[in-house]
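Structural overview
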Amino acid sequence: MADLLRVEGLGKAFDGFRAVADAALVVPQGAIVAVIGPNGAGKTTLFNLITGLLPPDRGRVVFDGHEITGLPAHEICRRGVGRTFQIANIFPRLTVFENVQVAVLAQRRTSANLFRPAAGQAVEDTAAILERTGLLARAQAVAGTLSHGDQRILEIAIALGSRPRLLVLDEPTAGMSPEETAATMALVGRLAREGGLTILFCEHDMSVVFAVAQSIMVMRGGRTIAQGPPEAVRQNREVQEAYLGDAGA
Ligand SMILES: Nc1ncnc2c1ncn2[C@@H]1O[C@H](COP(=O)(O)OP(=O)(O)OP(=O)(O)O)[C@@H](O)[C@H]1O
Ligand SMILES: [Mg+2]
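Residues numbered from 1 in each chain as written. Chains lettered and ligands numbered in written order. Predicted model: local features only at pLDDT ≥ 70, side-chain atom pairs only at ≥ 80, totals over all residues. Heavy atoms only, no water.

**So, the site of ligand 1**
Cut-off, in case you're wondering: By convention in this text, a residue qualifies as near a molecule or strand provided that one of its non-hydrogen atoms is within 4 Å of it. What qualifies as a polar contact is a pair of N or O atoms within 3.5 Å, subject to a donor-acceptor requirement within protein and to the restriction that residues adjacent in sequence count only when both atoms come from side chains. Here the accessible surface of atoms and residues is derived via Shrake-Rupley with a 1.4 Å probe, and residues count as covered only by protein chains that are part of the display. We count a stretch as a helix when DSSP gives it H or I for four or more residues in a row; a strand needs E for two or more, and each element gets its number in order from the N terminus. Lys, Arg, Asp and Glu make up the charged group, whereas Ala, Val, Leu, Ile, Met, Phe, Trp, Tyr, Cys and Pro make up the nonpolar group; the residues left over, Gly among them, are polar.
Close to ligand 1 lie 14 residues; Asn 39, Lys 43, Thr 44, Thr 45 and His 204 are nearest. Between an oxygen atom of ligand 1 and a main-chain N or O atom of Gly 40, the distance comes to 2.9 Å. Contact with the protein chains hides 62% of the accessible area of ligand 1, taken as 640 Å² for the molecule alone. Broken down by secondary-structure element, the contributors of at least two residues to the shell around ligand 1 are strand 2 (17–28) and helix 1 (43–50). Split by residue class, the shell around ligand 1 holds 5 nonpolar, 7 polar and 2 charged.

Following this line, the structure appears as structure tokens:
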């Protein structure tokens, strides 16, 4: 299958400290790919470089055959890369429905449709996203009153508002109960299988990673030390020494 995203030799330093020193990553179209690595390995920084939140110092990011290295975040989003953050990022005083509708309307501005009024269309599309993410029953709830798990799901729903082809999730199950974690990863699996989405996520919970990822990339000290199918990564000696060993997984 064709690669939807390719990262080659990516680097980013903060005041001389190389948070990402040499990252490489391949995300095939339609796949679920996980990035793992200890705290401070550079996972979030890598996602920030891919999604345009930070400009890389060196290396290349290629999305859907086109180089997107260093483009602004809104342009990368427009091209089909959606993301969520390690810390939930919602409008707590708006309703669940309004949170998603805002994202849908933001996307509409660049793709006006002469035949259907934007607001009406946004209502339909917003409801469809809430249905897809299991949030429809809570549509009128004020977002800040949702459980932590539902707020993280809402963040995924907001990201879907920009109609991404690639969804980048930074620790989607952080702080969740085992039940919330299972529900979230079931949703991620459904989005990939039924929604034709490609998923890139990072995660500390190894049971989650090995249950859902088709390919796992391992980072340590800002470098990619391995990428491959779960079994190959599990058996990779360097990975065992560098990461899985001291994580006890
Ligand atoms: N804006 C910044 N300025 C300076 N240093 C930074 C900045 N952002 C990240 N770092 C440093 O870069 C390194 C990588 O951080 P990053 O947040 O990418 O790691 P991570 O793998 O996401 O870790 P975690 O698993 O804890 O979320 C860390 O040492 C961090 O302190
Ligand atoms: Mg992080």
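**Observations concerning the nonpolar core**
The cut-off we apply is this: Buried Ala, Val, Leu, Ile, Met, Phe, Trp, Tyr and Cys residues form a nonpolar core when they are joined through side-chain atoms within 4.5 Å. Only protein chains enter the calculation, and the probe is 1.4 Å; a residue is then buried if its accessible area is under 20% of its type maximum, exposed if over 50%, and partly exposed in between. Domain segmentation is taken from an automatic or database assignment of domains. Two residues form a contact once any of their heavy atoms are found within 4.5 Å.
One finds Leu 154, Leu 167, Ile 199, Phe 201 and Ile 216 to be the most contacted residues of the largest nonpolar core, which totals 46 residues. A total of 7 residues in this core trace back to one element, the largest contributor, which is helix 5 (residues 148–160). A domain-level breakdown of this core finds at least three residues from each of domain 1 (1–80 + 164–249) and domain 2 (91–162). Residues contacting Phe 201, with those up to four places away along its chain left out, are Ile 32, Val 33, Ala 34, Val 35, Phe 47, Leu 169, Pro 172, Met 185, Val 208, Val 209, Val 212 and Ala 213.

**Side note on helix 1**
Most of helix 1 is tucked away: 7 of the 8 residues are buried. Along helix 1, the residues that are buried comprise Lys 43, Thr 45, Leu 46, Phe 47, Asn 48, Leu 49 and Ile 50. Downstream of helix 1 by a residue or two, Gly 52 has a phi angle that is positive, lying close to 85 degrees.

**Topic: the pattern of salt bridges**
In plain terms, the rule: When a carboxyl oxygen of Asp or Glu is within 4 Å of a side-chain nitrogen of Lys or Arg, the pair counts as a salt bridge.
Per the stated rule, a full pass over the model turns up 11 salt bridges. We note a salt bridge from Glu 67 to Arg 60, for which the minimum N-O separation is 3.0 Å. Of the charged contacts in the structure, one is a salt bridge between Arg 163 and Asp 125, with a shortest N-O distance of 3.2 Å. Highlighted residues: Arg 163 in the loop between helix 5 and strand 7 (166–170) and Asp 125 in helix 4 (residues 118–132), separated in sequence by 38 residues. Several salt bridges share partner residues, and in doing so they unite Arg 6, Glu 8, Arg 60 and Glu 67 into one network.

**Here's the deal with the packing of helix 3 (residues 96–108) against helix 5**
Operational definition: A fitted line through C-alpha atoms represents every axis, and for helices the fit uses only the stretch in contact; the resulting angles, taken between N-to-C directions, go from 0 to 180 degrees. Should an angle lie under 35 degrees it is considered roughly parallel, over 145 roughly antiparallel, and from 65 to 115 roughly perpendicular; all remaining angles are considered oblique. Each crossing gets its handedness from the near helix: less than a right angle anticlockwise from the far helix is left-handed, clockwise is right-handed.
Contact pair helix 3 / helix 5: the axes reach a minimum separation of 7 Å and the direction vectors enclose 30 degrees. Taken as axis vectors, helix 3 and helix 5 run roughly parallel relative to one another. When you trace helix 3 past helix 5, the crossing you get is right-handed. Residues Val 96, Asn 99, Val 100 and Ala 103 of helix 3 touch helix 5, and the partners they reach there are Leu 154, Ala 157 and Ile 158. The class makeup of the residues in the contact of helix 3 with helix 5 is 6 nonpolar, 1 polar and no charged.

**Quick word on helix 5**
What counts here: A helix is expected to span 1.5 Å for every residue after the first.
Under the 1.5 Å per step criterion, the end-to-end length of helix 5 is 19 Å for 13 residues, consistent within 8% with the ideal 18 Å. Burial analysis of helix 5 places 11 of its 13 residues in the buried class, the great majority of the element. The complete set of buried residues in helix 5 reads Gly 149, Gln 151, Arg 152, Ile 153, Leu 154, Glu 155, Ile 156, Ala 157, Ile 158, Ala 159 and Leu 160.

**Considering the side chain of Arg 83**
Heads up, the condition is: Counted charges follow a simple rule, with Lys and Arg positive, Asp and Glu negative, and His plus the chain ends left uncounted.
Considering the arrangement of structural elements, one finds Arg 83 in strand 6 (residues 81–84). It is Asp 170 that comes nearest to the buried, bridge-free Arg 83 among opposite-charge side chains, at 4.2 Å. At a separation of 3.0 Å, a polar atom in the side chain of Arg 83 contacts the side chain of Thr 51. The residues touching Arg 83, leaving out its near neighbours within four places in the chain, are Phe 47, Asn 48, Thr 51, Leu 53, Ala 159, Leu 167, Val 168 and Asp 170.

**Here we look at the domain arrangement of the protein chain**
For the record, the criterion: Summed over both partners, buried area is the accessible surface (1.4 Å probe) that two parts give up on being assembled.
Examined at the domain level, the protein chain breaks down into domain 1 (1–80 + 164–249) and domain 2 (91–162). Between the C-alpha centres of domain 1 and domain 2 the distance comes to 25 Å. Listed by partner, the interface residues are 18 residues for domain 1 and 12 residues for domain 2. Interface area for domain 1 against domain 2, summed over the two sides, is near 1200 Å², with a carbon-plus-sulfur share of 66%.

**Here's the deal with the packing of aromatic side chains**
The cut-off we apply is this: The pairing test for Phe, Tyr and Trp rings, Trp by its six-membered ring, is centres within 6.5 Å, and the orientation test on the planes gives stacked under 30 degrees, edge-to-face over 60, and tilted for anything in between. Both a distance and an angle decide whether a charge sits over a ring: NZ of Lys or CZ of Arg must be within 6 Å of the ring centre and within 35 degrees of the ring normal.
What the rule picks out here adds up to 0 aromatic pairs. Stacked on the ring of Phe 85, the Lys or Arg Arg 83 has its end atom at 4.1 Å from the ring centre. Of note, Arg 234 hangs over the ring of Phe 210, and the distance from its end group to the ring centre comes to 4.2 Å.

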